[in-house]
Amino acid sequence: MTGRNADINKSPLVIDVDTGIDDAVALALAVGKGANILGVTTVAGNVPIEVATRNTLDVLSYLGRDDIPVHRGASRPLVAEYQDATHVHGGNGLGGVDLAKSGADEAALAGPAFIIQSAAKHAGDLTLVTLGPLTNLAIALNVRPEITYQIRRVVVMGGAFSLPGNVTPHSEFNVYVDPEAARQVFEADWGDITLVGLDVTHQTVLSRELWERIPEMNDGPAGLVRGLMARTFTERAMSGFYLHDPLAVGVALDLDLVQGTFCSVAVESSASATRGETTVAAADRGPRVATRVHAAAFVAEFGAVLGLPIADAASGFENAE
Ligand code: BDR
Ligand code: CA
């Protein structure tokens, strides 16, 4: 899974999270891949900001990376009333997994300020991947519009472009929670922005069968993954775990994982049944909306990096027409 963009793996990376089960798994992937993580910013999304920040500190500590600074960000959406997703991620956001408390403190600088600082310091080199509502990035954009050309690449986990949503029939969670922020980010003139929506993340699935084969007694990343996903396969009785946020991290490190088309993206922000809906129209510029993914290759590499007992998987665009 290397290609012309694989060098970006060495670029400085900022990860914006609302940790959250799959955010935690995504952090494990980024750490496991040896990504050059400058810092992690947190946002209210799956869980309230205090919980997201605590979880992020504890997950990084579990992964042996409590040296990575964690910057607390927005505690609520720009305009909308905040709604969490604890019905999916459990009350503690980690599916009930009780991690040891990190000895590290959160960093003093606020999340959006850290994004601004990193963009200026690493102008032309920084990759930013957002795994939660886009509130922090919208705030940073409003304060310092020049981040649109300072940041080399933005990768967003968000949107449902040709599929139904996952929080309503129309809307994907990260866009639904803060549609005003999403609209501002999608309308900005970024040098390079890729939207990784449900269209592709619903193709990258970790199966129940693989999850069951992860040894229960494992104190490495595989044990973390097993614990985090347990609620999905037991209480929620799902047959697979969508690798939403891990795929966005994968794309941030290797853009060739997905193919997409440039679009203008409209976001519905009214308090209506279609709030959070993302509608696309073909365009010469604008976000690149991912439409195809090397799903099997990604799941195989995900498994290899995290030490899961996964068999070889074929590569190729499985969803090719
Ligand atoms: C997104 O919503 C959140 O619940 C997940 O963490 C992911 O970022 C998927 O729609
Ligand atoms: Ca998330």
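Residues numbered from 1 in each chain as written. Chains lettered and ligands numbered in written order. Predicted model: local features only at pLDDT ≥ 70, side-chain atom pairs only at ≥ 80, totals over all residues. Heavy atoms only, no water.

*Asks:* Lay out the overall build of the protein chain with the relevant residues and their values.
*Replies:* Broken down by element type, the protein chain carries 13 helices and 11 strands. Since a compact globule built from 321 residues should have a radius of gyration of about 20 Å, the 18 Å found for the protein chain is in line with a globular shape. When each of the 321 residues of the protein chain is scored for burial, the buried share is 55%. When the 22 positive and 38 negative side-chain charges of the protein chain are each reduced to one mean point, those points stand 2 Å apart. (Helix = DSSP H or I, 4+ residues; strand = E, 2+ residues; numbered from the N terminus. Rg over C-alpha atoms; globule rule 2.2 N^0.38 Å. Buried < 20%, exposed > 50% of the residue type's maximum accessible area, 1.4 Å probe, protein only. Lys, Arg positive; Asp, Glu negative; His and termini not counted. Charge placed at Lys NZ, Arg CZ, Asp CG, Glu CD.)

*Asks:* I'd like to hear about the coordination of the calcium ion (ligand 2), residue by residue, with values.
*Replies:* Every protein donor of the calcium ion (ligand 2) is listed here as Asp-18 (OD), Asp-23 (OD), Asp-23 (OD), Leu-131 (O) and Asp-245 (OD), and their distances to the metal cover 2.2 to 2.6 Å. Read in sequence order, the donor residues coordinating the calcium ion (ligand 2) give the pattern D-x4-D-x107-L-x113-D. Placement of the pair is Asp-23 in helix α1 (residues 21-32) and Asp-245 in helix α12 (residues 244-253), with a sequence separation of 222 residues. In terms of burial, Asp-23 and Asp-245 fall into one category: buried. (Donors = N, O, S within 2.8 Å, 3.2 Å for Na, K, Ca; no water.)

*Asks:* Go over the pattern of salt bridges, please, and point to the residues and values.
*Replies:* Enumeration over the complete set of coordinates arrives at 14 salt bridges. For Asp-192, the salt bridge is made with Arg-153, and the minimal N-O distance between the two is 3.0 Å. Note that Asp-192 is positioned in the loop between α8 (179-187) and β6 (193-196) and Arg-153 in strand β5 (residues 153-157), a separation of 39 residues in sequence. Exposure remark for Arg-153: the relative accessible area of 5% places this residue in the buried category. Through salt bridges with shared partners, one network takes in Glu-50, Arg-72 and Glu-106. (Salt bridge = Lys/Arg side-chain N within 4 Å of Asp/Glu carboxyl O.)

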